[in-house]
Amino acid sequence: MKQKTPEQELELLREGLLHERAIWEHINENGCNDPFWTDGCNMNLTRNHILSYRNEIANCCEEHNLPLPEEYFLKVPPEVDDDYMANFNQKARVDRLKQQGDTLSRKKKKFIDDGQMEFC
């Protein structure tokens, strides 16, 4: 198997970070279908994936003396309440989560991605 160049590795990490951001935004707007975990738990997990990708990008760039890509500086979505649910229309799922003892919340976390970059 042919080994990836540092640039190819960095490109994969950039794509992964953008993909995870899209997942976070989708869950925030529409909810997800996880039968056992709330949307908030899934959003926080996805946020952790974003932070992990950022860390891997920084390590890759440092190791191979590459500049940090623009995606590294995109805003990181905020943590949300673990009990947050974006969509209460999924009756079976909502009922199952309530039976597990979850106190579900609809308090939406605003994340304005205004295109401004953040310096870390």
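Coordinates for the structure precede this section.
Residues numbered from 1 in each chain as written. Predicted model: local features only at pLDDT ≥ 70, side-chain atom pairs only at ≥ 80, totals over all residues. Heavy atoms only, no water.

Caption draft 1: Focus on the state of the cysteines. This model, assessed by the stated rule, comprises zero disulfides. No disulfide involves Cys32; its sulfur sits 9.6 Å from that of Cys41, the nearest cysteine. On the accessibility criterion, Cys32 (14% relative accessible area) is buried. The closest cysteine sulfur to the non-disulfide-bonded Cys61 is located on Cys60, 5.5 Å from its own sulfur. You can call Cys61 buried: its relative accessible area is 3%. (Disulfide = S-S within 2.5 Å. Buried < 20%, exposed > 50% of the residue type's maximum accessible area, 1.4 Å probe, protein only.)

Caption draft 2: Region of interest: the pattern of salt bridges. Here the structure, examined in full by the defined rule, presents five salt bridges. Measuring nitrogen to oxygen at the nearest pair gives 2.8 Å for the salt bridge that ties Arg14 to Glu71. Of this pair, Arg14 sits in helix H1 (residues 6–30) while Glu71 sits in the loop between helix H2 (39–64) and helix H3 (91–99), placing them 57 residues apart in sequence. A relative accessible area of 22% places Arg14 in the partly exposed class. Here Glu71 falls in the buried class, since its relative accessible area comes to 12%. For Glu25, the salt bridge is made with Arg21, and the minimal N-O distance between the two is 4.0 Å. Taken together, the positions of Glu25 and Arg21, both in helix H1 and four residues apart, correspond to about one turn of that helix. Classification of Arg21 as buried rests on a relative accessible area of 6%. (Salt bridge = Lys/Arg side-chain N within 4 Å of Asp/Glu carboxyl O. Helix = DSSP H or I, 4+ residues; strand = E, 2+ residues; numbered from the N terminus.)

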